[in-house]
2 protein chains.
Amino acid sequence: MKPYVIGFDLGGTNSVFGIVDARGEIKATTAIKTGNYATAEEYVDACVAALQPIIEQVGGIEKIKAMGIGAPNGNYYSGTIEFAPNLSWGHGKVPLAQMFSERLEGIPVALTNDANAAAIGEMVYGVARGMKNFIVITLGTGVGSGIVVNGQVLYGCDGFAGELGHVIMVRGEEGRSCGCGRKGCLEAYCSATGVARTARELLAKTQRPSLLREMNPDDITSLDVSIAAGKGDELAKEIYEFTGRMLGEACADFAAFSSPEAFIFFGGMVKAGDLIMKPIEQAYNENVLNVFKGKAKFLVSGLDGASAAVLGASAIGWEIQ
Amino acid sequence: MKPYVIGFDLGGTNSVFGIVDARGEIKATTAIKTGNYATAEEYVDACVAALQPIIEQVGGIEKIKAMGIGAPNGNYYSGTIEFAPNLSWGHGKVPLAQMFSERLEGIPVALTNDANAAAIGEMVYGVARGMKNFIVITLGTGVGSGIVVNGQVLYGCDGFAGELGHVIMVRGEEGRSCGCGRKGCLEAYCSATGVARTARELLAKTQRPSLLREMNPDDITSLDVSIAAGKGDELAKEIYEFTGRMLGEACADFAAFSSPEAFIFFGGMVKAGDLIMKPIEQAYNENVLNVFKGKAKFLVSGLDGASAAVLGASAIGWEIQ
């Protein structure tokens, strides 16, 4: 019996590793900067060098059943990272799962995108335990999603299903430009950068007083909006209201698709609590088709922020047959 | 071995039954008017009376493995019809699967909505053979959908998933009123009634010549638009262009959800052929996220119109374990 799995959260800034047991306890952990490696080979070498000490710490590679990787633009079917804009070595198609497997004595390695890893993490260790149909929405620099249907992550025909940050919420030319090159995507409004943009637009459009006026508009982040809202700033609260309502309207469309038991929100912005969650649920129930009204739960991720991504990644390692 | 399944297409006007073998050949068929029965019991009695002769024709009930029903507002999980507005006896919650099973010597009966039945029909007998991820969109009086993911119909937590006719395409007050009580649904634009409404709007808004001006605007149906377009009428062609483009934009959002291998269109409006299919595909590829561009196929149902619904319904009978 091999009692551990390596969970690997590959982020734009940090690469975090944890060795996790079947109950979701992290036995050992380490991290490196994702940094400016020239090639994927150099990056993987640096990762494996960092991993060796913690692998030894739990008794060696023969104690490790598998590795699970959650990574931006990760494709579950192919085990590759494809065209990841924020990784210096990830602009082509990088067979990351295979590369790690070869350097770790052939242990099986599964890879998926970060939002799918979060969804599996919620199902195995978080608030979605026992659920078979739910959607995890990650609110960070972008808006990601992991969709679970009949107890399985929805990968679609090519492994790229679940890009709910890129449904169009504002059609036509007035839609905000999105990083994907199109206009009006949910992500352009409801990501952390979208929230900061809403703040700048609202400050410019009105003369209303706000704590946010004390800052250079270009420096405002979603965290500043959250802090101002926490202090009772009305304009900041309105920004969350706007953001939450748009998320709720989007979720009403998602219900027409997969009728989930719950929507689970994950990421830094969720720390705003009721400020964001209440408008989401309210707009959802006002906008959703009658047959779905009042059915879905709106939950905040049950995974501890620091370890959530690593646990999620480890969970896809456990799923390898 | 029981060689046959009863397929039952329960429509607002007609109730059509077929006894189908495993290769999708219809061995015997009959139909009654869905009509104005006062109670579900009376309706089921009339159905069973009509069924008896064709059951005898294939050798009796012991030759029948199961029954599959495709019905408006049908719920697969509960085997019930719920709040079906167009059925005189269907306004509450009717346990139709159980009622038929009891009157047909206990054979297993499965029930689902008509669009899901069409999806299973395509998978078993139609153009989706061998596909595991696809979406059937039915264009009729309404817009329905059957979503297949990992080779299974997506039912969601309550059996009501796949209501893609009710995603919001035009947000806010300018959205067209939909039969569901909300505004801006895909169905309000792209159903047969939506197409007729587009025709009336366009005729009223412009002075452009059109064969459709020879009719009383209130009498125009989508069939009239199709006939006019077939004769080269520019205004009628523009109506299909508008309808197709909106369907294509909607499909672009659906791709972000489940990344299907194909979109399969089903129903009377599809007879317009390229007039509707070309703008769908074009708008899809113009609007979809880069990673999905050019991947999905746009297909017309491979099932013969007259028997398609019965075959689809029979297919869910075969699926009963």
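Residues numbered from 1 in each chain as written. Chains lettered and ligands numbered in written order. Predicted model: local features only at pLDDT ≥ 70, side-chain atom pairs only at ≥ 80, totals over all residues. Heavy atoms only, no water.

Draft legend 1. Main features of the nonpolar core. Counting residues in each nonpolar core, the largest one holds 114 residues, and the members touching the most others are Phe254(A) and Phe254(B). In this view, Phe254(A) contacts Ile135(A), Ile137(A), Leu164(A), Val167(A), Leu186(A), Ser259(A), Pro260(A), Phe263(A) and Phe257(B); residues no more than four positions away in its chain are not counted. (Core = buried A, V, L, I, M, F, W, Y, C linked by side-chain atoms within 4.5 Å. Buried < 20%, exposed > 50% of the residue type's maximum accessible area, 1.4 Å probe, protein only. Contact = heavy atoms within 4.5 Å.)

Draft legend 2. Region of the structure containing the relation of the copies chain A and chain B. Superposing chain A onto chain B takes a rotation of 180° plus a shift of 0.0 Å along the axis, which leaves an RMSD of 0.0 Å. Those values place the two copies in the arrangement expected of a two-fold rotation axis. In this assembly the copies share their binding face: 100% of the residues contributing to the interface of chain A also contribute to that of chain B. (Least-squares fit on C-alpha atoms with pLDDT ≥ 70 in both.)

Draft legend 3. Region of interest: helix 5 (residues 192-205) of chain B. Residues and elements named next belong to chain B. End to end, helix 5 covers 20 Å across 14 residues, agreeing with the expected 20 Å (1.5 Å per residue, within 8%). Restricting attention to buried positions, one finds in helix 5 the residues Ala192, Gly194, Val195, Ala196, Thr198, Ala199, Leu202 and Leu203. Packed against the buried residues of helix 5 are helix 4 (186-190), helix 6 (222-230) and helix 7 (234-258). (Helix = DSSP H or I, 4+ residues; strand = E, 2+ residues; numbered from the N terminus. Expected span 1.5 Å × (residues − 1).)

Draft legend 4. Fine view of the pairing of strand 9 (residues 134-139) of chain B. All names here are of chain B. The buried count for strand 9 comes to six of six residues, which makes it a mostly enclosed element. Here strand 9 shows no split at all, with Phe134, Val136 and Thr138 on one side and Ile135, Ile137 and Leu139 on the other all buried. Pairing geometry for strand 9 and strand 10 (residues 143-149), over six bridges, is antiparallel. The residue bridging phenylalanine 134 from the neighbouring strand is valine 148, located in strand 10. In this structure, the hairpin formed by strand 9 and strand 10 is closed by a connection of three residues. Sheet topology places strand 9 next to strand 12 (residues 262-266); five bridges connect them, and they run parallel. Bridge assignment links isoleucine 135 to a residue of strand 12, and that residue is phenylalanine 263. (Pairing = 2+ DSSP bridges.)

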